[in-house]
Every structure is written in C-alpha cells, then in structure tokens.
Amino acid sequence: MEMMTASAVAQMIGGTVISGDHTIEADNGAIDSRNVTNNSIFFAIPGTKCDGHDFINNAVNAGAKIIVVEKKLEELILDENAKKATYIKVISSMRALASMASAYRNKFDIPVVGITGSVGKTTTKEMVYSVLSAKYKTLKSEGNYNSETGLPLSILNLNRDYKTAVFEMGMDQMGEIDFLTRIARPYIGIITNIGVSHIEILGSQKNILRAKLEIENGLMDDGTMILNADDDYLYSVKNNLKHPIIYYGIENADAEYRAENIKVGDKTTEFDVITPYGRFSAKINAMGKHNVFNALAAIITGFLSFM
C-alpha cells in the first residue's frame, strides 16, 4: 500500500480522527494483530469468537500506527503505548475496511481479474497469475484471502509497480460476490463451475449460479466474462448476460477455446488447445482433466491481456 496519512484514511472510510496525530502515516492494513507490521492500519473488527478491540495493545506494540475502532476510546482498555496511537472512529470497522479498499482500488487504472466458482478457484488463480506475470508485474490474493475481509486486505497490497492483479472471490451466501466484485471492479470475470458447495444455505444449484453470476455486477463496462462451457448451468446463460462471454471446454464443441488429445502423466498433463487464432500444444505441471479446465481459463486471460 502507498503511504497514507490518518486524515486521508479517515476521509476514505468516512471516519473521524478522535485521538492522535492526523499526519501520522501507514502503508499496510491488518485485522489480526499477529499480522501487524510496522506502520500498519489496524482495523478492530468485532467477531463472533473474539473482538479486535481486545487486541489493540498487541497491534500497537507490533507496529500499528493507526487504529480504526467502532467503540469509544473510554471503552477501550489501553496500555500507555497504545494510548499514543492515532484512532479513527467509524460506525463499522468491517465496512470501513471495505470502503478503504474500494477507494484505494480506484486509484489504480489497471486490469483486474476476478475468479469465483464452486471448485478450482485457487488453482485457476495461480495459473492466471503465472500467465500474467510472464509479462506484467502482477498482484495476486494470497492463500484464502477471498472473503469480505481477505479481498480488501489483498487490494490494499497494490502499489504503482503492479500492472495487473488477480483476485479470488469466495462466498457462502447470496450477495457476497456482489459485495466483493464492486470493490475489486474486475476487467475479466471467471467462473470455473457451479457445484453443490453451500447448497444447504442457498437451496439449489440455480441459486448458486445466481450467486456466482454476481461477479458481473462489478465488472467494468468493457469487461469480459470467461465461463466453462462444459458446465450446463454456466452454458445456459450464454444469451443472458450484459457482458460478452468467452467459453472454454473439453466436450462442448461450441466453446471458443477447447482442449483435445489430453494425456495425463505422472506429474504433468499435455493437451492441444484449439483457439480462434489457431491450434497449439500445451503442457502443465499438474495432473488431471480438471486442471485442463483451469488452464484454459488462464490461456484465455492471456489472449485478452496480451493481444
């Protein structure tokens, strides 16, 4: 994250500096005091199991300079060192984190790839990152940072050196992908498949499809959707989205990008790729047909990004 003053942060998140130095600067964000580094903004978020406000002392002692809180200062139990930090009061620390990530994202005019789906998100993200980073310095969300807190923290890692970024987006209920995609504002939206994860909450695969398609809500006006044509649910929306769709697949002959002659080895998989621009051979350091789907999504991303 680029260095920002407490006043600038407060303006971004609709908060008020209630204590400390308005000019103090920070260059990274954290919600877990164990992840705080020097010059962090620590967002004290109340949770179901623990409350971030209870870890402010730890955060400040680890190097946090700016603390975003929902509670009043007199409600906090602060040691002498923590009392010297700068505090920004907000209505919701969770929403403040999202607001900051959204405003910070808008400072960078770079193409972003957003990836969701029931399975294969992380592998597809890694493959897309591998393709894009061959030409551009690319930021990717790390680990399982694909949630309403993880994605904003990933976005705060952007700086002027990055020329593109790829973010994974997870969900377990309706509205979550909508929330994430409006923050990330992707240029390319990838949906790997529609499975049965969280069907106990959403009720049906049709509802899971609706939830995953929310990624289109934050897509740039000139953006493109990349979908799996071998997934019946995703192929059923081919004429129903407002953005152009590029399909990939293995069995569906209507897919613009297809894989043929798949050969699975001990540690690798080889296949031929059929594209609108010709045919070529590919080899990935991963086993299985499912990884061919992930690779096809990454290949399309490369064509869109490099041509």
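Residues numbered from 1 in each chain as written. Predicted model: local features only at pLDDT ≥ 70, side-chain atom pairs only at ≥ 80, totals over all residues. Heavy atoms only, no water.

Q: Just to check I follow, could you spell out the sheet that holds strand β9 (residues 138-140) for this structure?
A: Sheet strands line up and pair through hydrogen bonds in the backbone, either parallel or antiparallel. Spatial strand order, β9-β10-β8-β11-β12-β13-β14-β15-β16: nine strands in an open sheet with mixed pairing. Taken across any chain shown, the strands that pair with only one partner, and hence form the sheet edges, are β9 and β16 (278-284). Within the sheet, the average angular offset between the axes of one strand and its neighbour, ignoring direction, is 20 degrees. Across four bridges, the pairing between strand β8 (residues 112-116) and strand β11 (residues 188-191) is parallel. Bridging across to β11, Ile 115 finds its partner in Ile 190. Seen against the sheet, helix α10 (residues 289-306) touches β8, β11, β12 (224-228), β13 (245-249), β14 (257-264), β15 (269-275) and β16 and runs at an angle of roughly 145 degrees to β13. (Pairing = 2+ DSSP bridges. Helix = DSSP H or I, 4+ residues; strand = E, 2+ residues; numbered from the N terminus. Axes fitted to C-alpha atoms, helices over the stretch in contact; angles between N-to-C directions. Contact = heavy atoms within 4.5 Å.)

Q: Honestly, the pattern of salt bridges in this entry has me stumped. Any pointers?
A: A pair can form between side chains of opposite charge whenever their charged atoms are brought close. Summed over all chains, the structure comprises twelve salt bridges. Look at the salt bridges and you will find they share partners, linking Lys 125, Glu 126, Lys 140 and Glu 168 into a network. (Salt bridge = Lys/Arg side-chain N within 4 Å of Asp/Glu carboxyl O.)

Q: What exactly am I supposed to notice about the sheet that holds strand β5 (residues 40-43) here?
A: The mixed open sheet is built from five strands, whose spatial order is β2-β7-β6-β5-β4. Looking at the sheet topology across the chains shown, the edges are occupied by β2 (16-19) and β4 (28-30). Taking the axes of each pair of neighbouring strands and ignoring which way they run, one obtains an average angle of 30 degrees across the sheet. As paired strands, β4 and β5 are joined by three bridges and run parallel to one another. Counted as the bridge partner of Gly 29 is Ile 41 from β5. The sheet contacts of helix α1 (residues 6-13) involve β2, β5, β6 (64-69) and β7 (86-89), and relative to β7 the element is tilted by about 15 degrees.

Q: Just to check I follow, could you spell out the nonpolar core for this structure?
A: Taken as a class, soluble globular proteins show a tendency for nonpolar side chains to be buried jointly. Grouped together as the largest cluster of nonpolar side chains are 60 residues, with contacts concentrated most on Ile 13, Ile 41, Ile 88, Met 100, Leu 158 and Leu 227. Ranked by the residues each element gives to this core, the list is headed by helix α3 (residues 93-105), at six residues. Excluding its chain neighbours within four sequence positions, the residues that come into contact with Met 100 are Met 1, Met 4, Val 9, Met 12, Ile 13, Ile 41, Phe 43 and Leu 156. Residues Val 113, Ile 246, Val 292 and Leu 296 belong to the second largest nonpolar core, which totals 27 residues. (Core = buried A, V, L, I, M, F, W, Y, C linked by side-chain atoms within 4.5 Å. Buried < 20%, exposed > 50% of the residue type's maximum accessible area, 1.4 Å probe, protein only.)

Q: Where do I start with the environment of Phe 280 in this structure?
A: Secondary-structure assignment places Phe 280 in strand β16. The spatial distance from the C-alpha of Phe 280 to the C-alpha of Ala 259 is 9.9 Å, given a sequence separation of 21 residues. Sequence-distant contacts of Phe 280, defined by excluding residues within four places in its chain, comprise Phe 271, Asp 272, Val 273, Thr 275, Ile 299 and Phe 303.

Q: Would you mind showing me how to read the packing of α3 against helix α6 (residues 176-184) here?
A: When two helices pack together, their arrangement is given by the angle between the helix axes and by the axis-to-axis distance. As a packed pair, α3 and α6 sit with axes 8 Å apart at the nearest point and diverge in direction by 40 degrees. Counted together, Arg 95, Ala 98, Ala 101, Ser 102 and Arg 105 of α3 and Phe 179, Arg 182, Ile 183 and Ala 184 of α6 form the full contact between these two elements. Looking at side-chain class alone, the contact of α3 with α6 contains five nonpolar, one polar and three charged residues. (Nonpolar A, V, L, I, M, F, W, Y, C, P; charged D, E, K, R; others polar.)

Q: Can you walk me through the environment of His 243 in this structure?
A: As for its placement among the helices and strands, His 243 is situated in the loop between α9 (232-235) and β13. Taking the relative accessible area as the measure of exposure, His 243 reaches 6% and is therefore buried. Spatially, the C-alpha atoms of His 243 and Lys 140 are 24 Å apart, while their sequence positions differ by 103 residues. Residues contacting His 243, with those up to four places away along its chain left out, are Glu 216, Leu 219, Met 220, Asp 221, Gly 223 and Met 225. Here the side chain of His 243 touches Met 220 through a polar contact of 2.8 Å, landing on its backbone oxygen. (Polar contact = N/O pair within 3.5 Å; in protein donor to acceptor, adjacent residues only side chain to side chain.)

Any functional reading would require information that these geometric values do not contain.
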